Amino acid sequence: MTKVLVVDDDFMVAKLHCRYVSVMDGFTVVGAAHSGAEALRAARELRPDLVLLDIYLPDMDGISVLRELRAAEDPATDGHSVDALFITAARDAGVVRAALRAGALHYLIKPFHPSALQEQVRHVASLRNRLDALDEAHQEARQEDVDRIFGTRPPGSRELPKGLAAHTADLVERVLREHPEGLSASQCAEAGSLSRVSARRYLEYFAETGRAEVTLRYGGTGRPERRYRAVLNRF
């Protein structure tokens, strides 16, 4: 379970954010705080994996809170660290830059749809899981691992495995984007005028590189159908 701490000076807004996260599988809200001091104290006591952090707090700004959280981390002890996702009405470019430099993984501007928050929370958890997997396996990171964690390379610099063509990858990417609800390899093939085998190869490649998620749809008999959905901000 990914433990989440919600920090917002508005009690009702914090309650809403808690509700959005609590209905998600694999996540649990361990607490809510309404000031910077409360957030720091709660982080020490509850040891969350992720903090949903507002910029505007009554005693200190959220960026200062994140800097203090970072300063308190001690890899020499248990190595526990916390990630931060800013949720705020602050739109100033300087504030966004400061949040990035302080170590925020993303920045959501209010108001937003609940699904946007849930998508980013899942994304942050996915990043943590990938890094944890490398640590547990005592593996050195490959460039592909780094690209999946930090985001893909700029357009035009992306390397494809042997046998895959850039123009077909772009076509399958476009089809994925046009079907945010997800689709099967057969549906992708039909939409892109490709063979089913070819469509599936590219869809599986996107899934392996973290750009698509795979879910299984079970029918009455036979093997379940694999469905693919583009991962937000990974293309």
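Residues numbered from 1 in each chain as written. Predicted model: local features only at pLDDT ≥ 70, side-chain atom pairs only at ≥ 80, totals over all residues. Heavy atoms only, no water.

Caption draft 1: Quick look at the overall build of the protein. Counting secondary structure elements, the protein contains nine helices and eight strands. Buried residues in the protein amount to 40% of all 235 residues. Of the roughly 13200 Å² that the protein leaves accessible, carbon and sulfur atoms contribute 51%. (Helix = DSSP H or I, 4+ residues; strand = E, 2+ residues; numbered from the N terminus. Buried < 20%, exposed > 50% of the residue type's maximum accessible area, 1.4 Å probe, protein only. Areas by Shrake-Rupley, 256 points an atom, 1.4 Å probe, with all protein chains shown as cover.)

Caption draft 2: Up close: the sheet that holds strand β1 (residues 2–7). Ordered in space as β2-β1-β3-β4-β5, the five strands form an open sheet in which the pairing is parallel. Two strands bound the open sheet, and with one partner strand each, they are β2 (27–33) and β5 (106–109). The mean inter-strand angle of the sheet, taken between neighbouring strand axes irrespective of direction, is 20°. Relative to strand β4 (residues 83–88), strand β3 (residues 50–53) runs parallel, the two sharing four bridges. Counted as the bridge partner of L53 is F86 from β4. (Pairing = 2+ DSSP bridges. Axes fitted to C-alpha atoms, helices over the stretch in contact; angles between N-to-C directions.)

Caption draft 3: Geometry of unusual backbone geometry. For the peptide bond that leads from K110 to P111, omega is -5°, which places it in the cis range. Take P111: it is sitting in the loop between β5 and α5 (114–137). One non-glycine residue, R47, lies in positive phi territory at about 50°. Taking the relative accessible area as the measure of exposure, R47 reaches 35% and is therefore partly exposed. In this model, S193 sits at a positive phi of 55°, which is unusual for a non-glycine residue. Inspection of the secondary structure puts S193 in the loop between α8 (185–192) and α9 (196–208). When its relative accessible area of 69% is taken as the criterion, S193 is described as exposed.

Caption draft 4: Seen up close, the packing of helix α7 (residues 166–178) against α9. At their nearest, the axes of α7 and α9 sit 10 Å apart, and the two run at 75° to each other. Taken together, the axis directions place α7 and α9 in an arrangement best described as roughly perpendicular. Facing T168, A169, V172, E173 and L176 of α7, the residues of α9 in contact are S198, Y202, L203 and F206. (Parallel < 35°, antiparallel > 145°, perpendicular 65-115°, else oblique. Contact = heavy atoms within 4.5 Å.)

Caption draft 5: A look at the sheet that holds strand β7 (residues 212–217). In space, the three strands of this open sheet follow the order β6-β8-β7, with antiparallel pairing throughout. Of all strands in the sheet, those bounded by a partner on one side alone are β6 (183–184) and β7. By the bridge criterion, two bridges tie β6 to strand β8 (residues 225–230) in an arrangement that is antiparallel. Bridge assignment links L183 to a residue of β8, and that residue is Y228. Across the sheet, α7 touches β6, β7 and β8, and the angle it forms with β8 is around 90°. Contacting β6, β7 and β8, α9 crosses the sheet at an angle of about 60° to β8.

Caption draft 6: Summary view of the packing of aromatic side chains. Taken as a whole, this structure holds two aromatic pairs when the rule is applied. With centroids separated by 5.7 Å and ring planes inclined at 45°, the aromatic side chains of Y205 and F206 adopt a geometry described as tilted. This pair shows no difference in class: Y205 is buried, exactly as F206 is. (Phe/Tyr/Trp six-rings, centres within 6.5 Å; stacked < 30°, edge-to-face > 60°.)

Caption draft 7: Focus on the pattern of salt bridges. The tally for this structure, following the rule as stated, stands at nine salt bridges. The salt bridge partner of D54 is K110, with a shortest N-O separation of 3.7 Å. Of this pair, D54 sits in the loop between β3 and α3 (62–72) while K110 sits in the loop between β5 and α5; the two residues are 56 residues apart in sequence, bridging distant segments of the chain. A salt bridge links E225 to R227; the shortest N-O distance between them is 3.4 Å. A residue is classified by how much of its surface remains accessible, and E225, at 31% relative accessible area, is partly exposed. Under the relative-accessibility criterion, R227 is labelled buried at 11%. One network of salt bridges, in which partners are shared, links D8, D54 and K110. (Salt bridge = Lys/Arg side-chain N within 4 Å of Asp/Glu carboxyl O.)

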